[in-house]
Amino acid sequence: MGRNLIETIMGAVVLGAAGFFLAFAWRHAGMDEVKGYSVTAQFAGIGGLDDGADVRINGIKVGTVTSQTLDRVSYNAVVKMTIANDIRLPVDTTAAISAEGLLGGKYIKLLPGRAGERLADGGQLSKTKDYKSIEEMVGELIFLATAATPAAPAAPAEAGRQ
């Protein structure tokens, strides 16, 4: 009976430690939704961007993707995001969808412009860059490499040879 009690206590200690580390990781991972003002952007392709994805400026998280919908007229993806209240974006800010690496998740990269006017709550980013997958980039490269190039002019025949 003593052995079962010790195993039970050790199991509880291990589960408690795992719970502590999980709570610590969740609190410090920056996975919570950013509170702030709402901004939208339209993209022709979002490449697997998920709700809850980061919105970053120079690698620093400043917002969160809150929803994605399809524009019924243009068939573009409309991405709604929340930006922290202390970050006031210029109206000429560019939004681009980037990947964290070959296998990493997608996020929105913001490139702030230089305009003096700032986006209001509910504003729309008019400058966007669509996501390009590795497959699309390799396909374009192959197409450029195999495209018909103009033939080099033939060397003129030597005159006066007999």
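Relevant structure appears above.
Residues numbered from 1 in each chain as written. Predicted model: local features only at pLDDT ≥ 70, side-chain atom pairs only at ≥ 80, totals over all residues. Heavy atoms only, no water.

Asker: Where do I start with the overall build of the protein chain in this structure?
Answerer: Along the protein chain, the regular secondary structure elements total 2 helices and 8 strands. In the protein chain, the order of α-helices and β-strands from amino to carboxyl end is α-β-β-β-β-β-β-β-β-α. Among the 162 residues that make up the protein chain, the fraction classed as buried is 25%. Relative to all contacts within the protein chain whose residues are 6 or more apart in sequence, the contacts with residues 24 or more apart total 64%. A total accessible area of about 11,500 Å² is found for the protein chain, and carbon and sulfur atoms account for 60% of it. (Helix = DSSP H or I, 4+ residues; strand = E, 2+ residues; numbered from the N terminus. Buried < 20%, exposed > 50% of the residue type's maximum accessible area, 1.4 Å probe, protein only. Contact = heavy atoms within 4.5 Å. Areas by Shrake-Rupley, 256 points an atom, 1.4 Å probe, with all protein chains shown as cover.)

Asker: Sorry, what's going on with the pairing of strand 6 (residues 106-111) here?
Answerer: Side chains on a regular strand alternate between the two faces of the sheet. Two strands pair when backbone bridges link them, and strand 2 (residues 54-57) and strand 6 are joined in this way by 2 bridges, in the parallel orientation. Looking at the pairing, Arg56 lines up with Lys109 of strand 6. Once strand 5 (residues 94-99) ends, the chain turns through 6 residues before running back antiparallel as strand 6. (Pairing = 2+ DSSP bridges.)

Asker: Please explain the pairing of strand 5 as it appears in this structure.
Answerer: In terms of burial, strand 5 is a largely internal element, 5 of the 6 residues being buried. When strand 5 meets strand 6, the two strands line up antiparallel, connected through 6 bridges. By the bridge assignment, Ser98 is partnered in strand 6 with Tyr107. Where strand 5 meets strand 8 (residues 127-129), 3 bridges bridge the pair, whose relative direction is parallel. Bridged to Thr94 within strand 8 is Lys127.

Asker: I would appreciate a short explanation of the sheet that holds strand 7 (residues 123-125) in the present structure.
Answerer: Hydrogen bonds between backbone atoms are what pair the strands of a sheet, whose relative direction is either parallel or antiparallel. Pairing is mixed across the open sheet formed by 8 strands, whose spatial order is 7-1-4-3-2-6-5-8. Where the open sheet ends on each side, the last strands, each with one partner, are strand 7 and strand 8. Ignoring strand direction, the axes of neighbouring strands in this sheet form an average angle of 30°. Pairing between strand 1 (residues 36-43) and strand 4 (residues 77-84): 8 bridges, direction antiparallel. Bridged to Ser38 within strand 4 is Thr82. (Axes fitted to C-alpha atoms, helices over the stretch in contact; angles between N-to-C directions.)

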